[in-house]
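Remarks on the overall topology
Read off the chains here:
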Amino acid sequence: MAVGHAEGPGQNLLLTRLEDVISWARSNSLWPLTFGTSCCAIEMMMASGASHHDLARFGAEVTRPSPRQADLLIVAGTIVKRMAQPLRTLYEQMPEPRYVIATGACVISGGPFIYHSYSSLRGVDDVIPVDVYVPGCPPRPEGLFYGILTLQRMIRERAGLKHPEERRAPVTAALPEGITKQEIQAEMLELFEAQGRRNVHEEYRRTVSDPGAKGAYPGRGERG
Amino acid sequence: MSWIRLQPQKPGPRRIGGIELQTVSAPRPDSDSLWKVALGGLKGMLGGMKLTLGYVTHPSKVVTQQYPENRETLKLPERARGRLYFVKEENGFHRCTACRICERACPNESIIIHAHKGEVTKKPEIDHYVWRLDTCTFCYACVQTCPFDAIRFDGRFESAVYDRRLLVYNLNDYAGPHDTLARKIEDEEQRASCRTPVRPYEGPVPASGEKLHGIEPLGPPRGEDE
Amino acid sequence: MSDWLEDFIAGKEGAELLADDRPRSLLLPLPALIGSMQALKAQGFDMLNDHMAVDNPEGEHIRLLWLLCSTESGELLRVCCDLPRQQPVAPSLNALWPVAEWQEREVYDLFGVLYSGHPDLRRLFLEDDWEGWPLRKDYEDSFILEPGKP
Amino acid sequence: MTPKTLTLQDLLRTDFAPGGGTQEYFVNMGPQHPATHGVLRLLLKLDGETLRQVIPVLGYIHRGIEKICEHQTYRQIVHLSDRLDYLSALANNWCVTRVVERAAGIETNERIETIRTLMAELERLQSHTLWWGVFGMDLGAFTPFLHGFRDREELTQIFEDTIGARLTMNYIQPGGLLHDLHKDFAPRVRAWLKDFGTKVDEYDRMLSGNLIAQKRLVDIGALSGDEALGLGATGPVLRASGVPWDLRRVRPYGVYDQLDFVVPVGEKGDCWDRYWVRIEEMRQSLALCETLIENIPEGKTMLVKPAAKIRLPEGTFYEELETPRGIFGVHLHSRGKDMPWRFHFRSPNLHNLWCITKIAPGARVADIVAMLAGLDLIVPDMDR
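Residues numbered from 1 in each chain as written. Chains lettered and ligands numbered in written order. Predicted model: local features only at pLDDT ≥ 70, side-chain atom pairs only at ≥ 80, totals over all residues. Heavy atoms only, no water.

Focus: the sheet that holds strand β9 (residues 342–346) of chain D
Residue and element names in this part refer to chain D. Put simply, the test is: In short, DSSP must find at least two bridges between two strands for them to pair. Helix and strand definitions here come from DSSP, where helices need a minimum of 4 consecutive H or I residues and strands a minimum of 2 consecutive E residues; each element is numbered from the N-terminal end. All axes here are fitted lines through C-alpha atoms, helices being fitted over the stretch that makes contact, and every angle between N-to-C directions spans 0 to 180 degrees. We call two residues contacting when some pair of their heavy atoms lies within 4.5 Å.
In space, the three strands of this open sheet follow the order β7-β8-β9, with antiparallel pairing throughout. Strands with a single pairing partner mark the edges of an open sheet, and in this sheet they are β7 (315–323) and β9. Taken over all neighbouring pairs, the strand axes of this sheet differ in orientation by 10° on average, direction set aside. Sheet topology note: the β7/strand β8 (residues 326–334) ladder contains nine bridges and is antiparallel. Each residue of the ladder has a partner; that of glycine 315, found in β8, is serine 334. Strand contacts of helix α4 (residues 89–104): β7, β8 and β9, with the helix running at about 150° to β7, the strand carrying the most contacts.

Given below as C-alpha cells:
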C-alpha cells in the first residue's frame, strides 16, 4: 500500500519520512477511554486490563477515564437515544486525532435491539464517525485485538500529518475473507450503473479525487 | 492475627421464611491502638506485595497469551461461535433445503433467505443465504434448529472491517439444489448445470436488490486509491 | 398453605381470588386497595417484591400487579387491581414500602399510570419530554423498526 | 470610617445561602464515570465534602427489552435475558426457562437440573471474582483487578468449551440445555476448583486483611435489615443487613434441596459486611460446586425438539431465583399465543440501587465509590 501522502504534490521526502514515524508512534500508543455501557464492556475489560489477554502488548493499556487524555473511543455496549448526546460530547472532548472502534452487534447496527425497540440506536455511526467495526456479541478479546490491529494499520497507512482530520475510510483495506478488492470495486461500479447514473466511471473518479464533495459518498454520518 | 484470615462468627440456625437455616455472621475487623493500625497496615501491604512479586519468581504462573503471534497455534473450542458457514459435501453441494426454519428461529432477522423453485427439481432451491454478521447475536438458534445440519459455527473471530456494510455475507457459493436433491438428478450434465455460481460477496444488496434495514448501499470508497 | 386469604377477602366487597395458582392472586377493587395493603403489611408481608402493569386495550383497563413477599412465612402473594385506561390513577404505596416510589415511577414511565400521593412522580427511564407510554399496546412511534418493512 | 470587614462565613451566609449555613451544590457523577460501572448517573447534592442527597438518574441504557420480548417467541426471549445482567446470564436464562417450563408443563430430568445448578453456581463464582477485582480497583488497588480477572478468565474458558460463548450464553433453554457437557468439562472444573480454593485465601490476604481497605469499608454505608427490606434490596445486600433471605434455601429450586450450605449474613449492613458476605459466598459456592461436579447423573440434556413451537396457556406466571446479585424474577402474562402478551423482569439491581439513596446521605463524597462497589450494580439490568 502507498504510504501517507507521499505521491501528493508539495511534499518532500523528509516530511514523508517524518509522517511515517509519527504515524507509527501514534498507532502504537493508543490511549483508550474507559467507556462501556454493557456486555461488551466486560470483554473490553478482559482484553484491556486482565492478564490473560493484556492490551499492554500493543501500547494501548493506559485506559483513561477522562476523554481529554484519550484518543481511542471503544464504544462497547448498546447506545440508546438518551446516551447519544453524552457520547457525542465525549467524542468531541477527545483531542485530535481521535479514533473510534465500534464493538459488538448493538453498536454496529442495533443487534438484538434493532427491531421493536423504541430507544436503541441502530448503529452508533449515526452519532459519531466510526473507524473500525468489530462484530460479535460480544466479540472475544482476540477479536477486539484484531480490531485494534486493524486500526493501527489504518493509522499507519492512512492518517497524514498534514491532514490529521481527514481520515479517509479505506473501505477496501480490511476485507472479509475470500473477497478481493476488485470484487468490491466491480460491485460499486455495477451499483452506480444500476442507479442509472451517467458517466459512471467519471463520477467514480471525481468522488475519489474530491472526497469532500457533498453527496459524493452515500455513507452514514460525517467522517472526521 | 485476626486481620489475615477473618473467621466467620456466631454460626447458628436462624428462622426465616418458615424454615430454619444455618447462617454465619461476618467478623468485625478491630483495630484499637495506633501502633496496631500502623503495623497492620504495613503487614497487609507487605503481604500483598509478596504475593504480587511472587509471580516474578514463578513465571510459569504467568497466563498472558501472545495473541497476534500465536495465530497459528491458537486453538479455539470446537463449539466457539465465530462465523456461520455452509456445510459442504464432498461433491461440492451444500445441504440447505431453503426450509426457512433458521430464518424463523433467528430472533432479529439476521438470516434472510432468498429461494426460488428449481426448474429441474421442482423444489425450493436457495438463491442467496444472507447472513448479517452486523446484527447477529450468536445465540446459536439457527444451528440448533436446522434439521439438516446445513449450517454450523466455527471459531473464526477476525472479522473487523472498516465499513459495516461489508458485514453482510452470502453463505452459499452457488444457487441451486442441495445435495440430496442433486443426487436425484441422474443426468450428469444437468446436475452440473443446475448450479449457478454466486459471488461470495454481493454487497449489502445481496439478492433481490432490496435494501437491508439500516444499511445504505455500498458506494465508492472515499479517498480510496484507484 | 392456610386459607387465611379466604377469610381476608370475606369481608371485602368486590375482592376475589383469581384462578392463577402460583403465586396466589388477589383482585381488589380500587377503593379497598390501600386498606387491604395496610392489612397485608401488618399480616407480615414486609417485602414489596415487584410492581408491574399489564395493558388490556379490549377491556379498556390497565391491570396493576403487586407482588408481595413475607419473610416470616416465605409466602408470595400477588395483588391485582384494574384501572380505567383513560384516566389511570392509583394510590401510591410509598408510605408502606419505600421501594414503591421507584417501582411506581417505572410504571408511570412505561404505562402512564398516575399515583396520587407520590412524592416524586417523574419518568424513570425515558426523557421527561418523551411523548406517549411505550409499553401500552397502542403506542406508536415512527422510530420503531419492524422486520420485513424496509 | 473604618470599612466593614467580613469573614468567609459571613460571605457564605449572606451572599450565597440566604437561609444561613453553607451553600449546597450539585455534582454530576456519570453517566460516564469509571466507578459507576456503566452508564449510571448519580446527582450528588453536596455540602462541602458531605453528601446530602443522592438522586439516581436512569435510562442511559434503557433498550426497551420488555417491549421487544412481546414480539419474540419464548425460546428467543432466553437470549435477550442474557443481555440484562450479563454477569449472571445463566441464572437469567434459567429463570426465563423455569417460568416457561412451569407454564407449559415441561418436566425436566435430574441431569438437566444438576447441570443447571452447577452452571449457576460456577457463574456465581465467576461473577463474584469479577466483582472482587473491580471492587479492589474502585478502592484504588489495581492488583485485585488482575487477580480476579485472571481467575475469571479460566472459568470463562471452561464455559466456552461447553457452551461456545464467553458471556452471553443462551445455554439453559426451555426443555433442557443447549449442549451436553464437554468431555473436558469435569476434569477442568475439578482442577479449577482445587486451584481456586487457594485463590480465595489469596483474596483474603490481599484485600480483606488489608487495613486500608478495612478502614474504607467498616461502618461505611450502614443499612439495617428493616430498611433493606423496605427498599426492596435482595441478595448479598439484604443478607449483609442481617436478613438471611436466600431463595436457594427458602424456596429451593434446581437441586438445591439436596445440597447443604450455610448462608453468610452480616450484622450492621455496612460496606464491610457486604464485602465479607460475598467472599464467604464464594467459599460456599466452591463447596457446592465440588459436591455437584461429582454427582452429575446420566440422562438426556434436551427433552423438547429445538424447533418445536412452545405455546403457553393463558394466565400470569411468575418465577424467581437467586442470581449472584439478588432475586431475579420473571412475570409472564400469556394470552395463549407463542409470544407473550407482557413480559416483565424483576431486576435485582434496580432494587438494590435505591439503597444508595438511604445509605449515602451524611457520608463523605469519597465513600460513595465504596458504597457503589459494595452494592455491585449492573446498569443494563436496571434499565432493561
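Here's the deal with the packing of helix α5 (residues 110–138) of chain D against helix α6 (residues 143–163) of chain D
All names here are of chain D. Convention followed: For classification purposes, angles smaller than 35 degrees are called roughly parallel, those larger than 145 roughly antiparallel, those between 65 and 115 roughly perpendicular, and all remaining angles oblique. Left-handed describes a crossing whose near helix is turned anticlockwise from the far helix by less than a right angle; the clockwise case is right-handed. Asp, Glu, Lys and Arg are counted as charged, while Ala, Val, Leu, Ile, Met, Phe, Trp, Tyr, Cys and Pro are counted as nonpolar; the rest, among them Gly, fall into the polar class.
At a closest axis distance of 8 Å, the pairing of α5 and α6 adopts a crossing angle of 155°. As judged from the angle between their axes, α5 and α6 are roughly antiparallel. Pair α5 / α6 crosses with left-handed handedness. Residues Met119, Leu122, Glu123, Leu125, Gln126, Thr129, Leu130, Trp132, Gly133, Val134, Gly136 and Met137 of α5 lie in contact with α6, whose contacting residues are Pro144, Phe145, His147, Gly148, Phe149, Asp151, Arg152, Leu155, Thr156, Phe159, Thr162 and Ile163. Of the residues belonging to the contact of α5 with α6, the class tally is 13 nonpolar, eight polar and three charged.

With respect to the pattern of salt bridges
Residue and element names in this part refer to chain D. Inclusion rule: The rule for a salt bridge is simple: a side-chain nitrogen of Lys or Arg has to be within 4 Å of a carboxyl oxygen of Asp or Glu. Categorising residues by exposure relies on relative accessible area from a 1.4 Å probe, with only protein chains included: less than 20% of the type maximum marks a residue as buried, more than 50% marks it as exposed, and the intermediate range marks it as partly exposed.
Under the defined criterion, the tally for this structure stands at 51 salt bridges over all chains. In this structure, lysine 199 and aspartate 151 form a salt bridge, with 3.4 Å as the shortest nitrogen-oxygen distance. Taken together, the residues span a long stretch of sequence, with lysine 199 in helix α7 (residues 185–208) and aspartate 151 in helix α6 at a distance of 48 residues. Just as lysine 199 is buried, aspartate 151 falls in that class too.

Topic: the interface of chain D and chain A
It is common to give the size of an interface as the accessible area lost on bringing the parts into contact. The condition that has to hold: By buried area we mean how much accessible surface two parts lose on assembly, using a 1.4 Å probe and totalling the loss over both. Each polar contact in these results corresponds to two N or O atoms within 3.5 Å; when the atoms are within protein, one needs to be able to donate a hydrogen and the other to accept it, and residues that are neighboring in sequence are counted only if both atoms are side-chain atoms.
Taken together, the contact between chain D and chain A spans 37 residues of the former and 35 residues of the latter. Summing both partners gives a buried area of about 3100 Å² for chain D against chain A, and 66% of it is carried by carbon and sulfur. Note that arginine 140 of chain A and glutamate 160 of chain D form a salt bridge whose closest N and O atoms lie 2.2 Å from each other. Our enumeration of links across chain D and chain A arrives at eight residue pairs in polar contact (both at pLDDT 80 or more). Elements with a minimum of two residues in the side of chain D that touches chain A: α2 (65–69), α3 (74–81), α5 and α6 of chain D. The element that contributes the greatest number of residues to the side of chain D that touches chain A is α6 of chain D, accounting for nine residues. Taken together, the residues that form the side of chain D that touches chain A break down as 19 nonpolar, 10 polar and eight charged.

Here's the deal with α4 of chain D
The criterion, for reference: Expected span of a helix: the number of residues minus one, times 1.5 Å.
Its 16 residues place the ends of α4 of chain D 22 Å apart at the C-alpha level, agreeing with the 22 Å of an ideal helix rising 1.5 Å per residue. For α4 of chain D, the tally of buried residues reaches 14 of 16 residues, placing the bulk of the element in the interior.

Points about the confidence of the model for chain C
Our working rule: What pLDDT reports is the predictor's confidence in each residue, on a scale of 0 through 100.
Mean pLDDT for chain C: 83, with 94% of residues reaching 70 or above. Within chain C, strand β4 (residues 61–69) of chain C carries the highest mean pLDDT (89), whereas helix α1 (residues 4–10) of chain C carries the lowest (73).

Here's the deal with the sheet that holds strand β2 (residues 41–47) of chain D
Residues and elements named next belong to chain D. Pairing within the open sheet is antiparallel, and its three strands lie in the order β1-β2-β3. Because the sheet does not close on itself, it has two edges, and the strands there are β1 (25–29) and β3 (50–57). Across the sheet, the mean angle separating the axes of adjacent strands is 25° when strand polarity is ignored. Pairing of β2 with β3 involves seven bridges; the strand directions are antiparallel. Its bridge partner lying in β3, leucine 43 is registered against isoleucine 55.

Brief notes about the side chain of asparagine 352 of chain D
All names here are of chain D. Its place among the elements puts asparagine 352 in helix α13 (residues 348–353). In this structure asparagine 352 comes out as buried when scored by relative accessible area, which is 0%. In this view, asparagine 352 contacts Ala233, Thr234, Val237, Arg325, Leu375 and Leu377; residues no more than four positions away in its chain are not counted.

Some words on empty space enclosed by the protein
What counts, and what does not: Grid spacing is 1 Å over the protein atoms alone, the probe is 1.4 Å, and a cavity is where that probe fits but cannot get out, while a pocket is an open set with protein on both sides within 12 Å along at least five of seven lines and lining residues have an atom within 4 Å of a point. Grid points are joined across faces, edges and corners, and a volume is the space filled by probe spheres set on the points.
Taken as a whole and judged by the stated rule, the model has 11 cavities of 30 Å³ or more. Looking at the largest cavity, its volume works out to about 280 Å³. Together, 25 residues line the largest cavity, and Cys137, Pro138, Pro139 and Arg140 of chain A together with Arg81 of chain B are the ones closest to its centre. Considering only enclosed or pocket space, the second largest cavity measures out at about 80 Å³ in volume. Cys106, Pro107, Cys136, Cys139 and Cys142 of chain B are, among the 14 residues lining the second largest cavity, the residues nearest its centre. When grouped by side-chain class, the residues that make up the lining of the second largest cavity number 11 nonpolar, three polar and no charged.

Side note on the nonpolar core
Rule in force here: Grouping buried Ala, Val, Leu, Ile, Met, Phe, Trp, Tyr and Cys residues that are joined through side-chain atoms within 4.5 Å yields what is termed a nonpolar core.
Membership of the largest hydrophobic core comes to 228 residues, with the highest contact counts inside it found for Tyr129 of chain B together with Tyr171 of chain D. A total of 12 residues in this core trace back to one element, the largest contributor, which is helix α12 (residues 271–294) of chain D. Setting aside anything within four residues of it in sequence, one finds tyrosine 129 of chain B in contact with Leu84, Phe86, Cys96, Cys102, Ile111, Ile112, Ile113, Ile151, Tyr169, Asn170, Leu171 and Asn172 of chain B. If you look at the next biggest cluster of nonpolar residues, it comprises 27 residues, including Cys40, Val132, Leu151 and Ile155 of chain A.

A look at the confidence of the model for chain D
Fine structural detail should not be taken from predicted coordinates in areas where pLDDT scores are low. Considering every residue of chain D, the mean pLDDT works out to 85; 95% of them sit at 70 or more. Across the interface, the model reports ipTM at 0.83; the global pTM reads 0.84.

Brief notes about the packing of aromatic side chains
Heads up, the rule is: Note on aromatic pairs: the rings of Phe, Tyr and Trp (six-membered ring only in Trp) are paired at centre separations within 6.5 Å, and the planes decide the class, stacked below 30 degrees, edge-to-face beyond 60, tilted for the rest. We call a charge positioned over a ring when the NZ of a Lys or the CZ of an Arg lies within 6 Å of the ring centre and within 35 degrees of the ring normal.
As enumerated under the stated definition, the model contains 24 aromatic pairs over all chains in all. Taken together, the aromatic side chains of Trp131, Phe138, Tyr140 and Phe153 of chain B make up a single cluster linked through ring pairs. In this structure, arginine 82 of chain A is placed above the aromatic ring of tyrosine 60 of chain D, and the distance from its NZ or CZ to the ring centre is 5.0 Å. Positioned above the aromatic ring of phenylalanine 143 of chain C is the side chain of arginine 122 of chain A, whose terminal nitrogen or guanidinium carbon lies 4.4 Å from the ring centre.

Concerning a nonpolar patch on the surface
Residues and elements named next belong to chain B. Going by this rule: Each patch groups residues whose relative accessible area exceeds 30% and which form no salt bridge, using 9 Å between like charges and 5 Å between nonpolar side chains of Val, Leu, Ile, Met, Phe, Trp and Tyr. To measure how exposed things are, a 1.4 Å probe is used in the Shrake-Rupley method; for residues, cover is taken only from the protein chains shown.
Taken together, the side chains of Leu42, Met45, Leu46, Met49, Leu53 and Val56 present a nonpolar region at the surface, about 590 Å² in accessible area. Take valine 56: it is sitting in helix α1 (residues 34–57). You can call valine 56 exposed: its relative accessible area is 61%.

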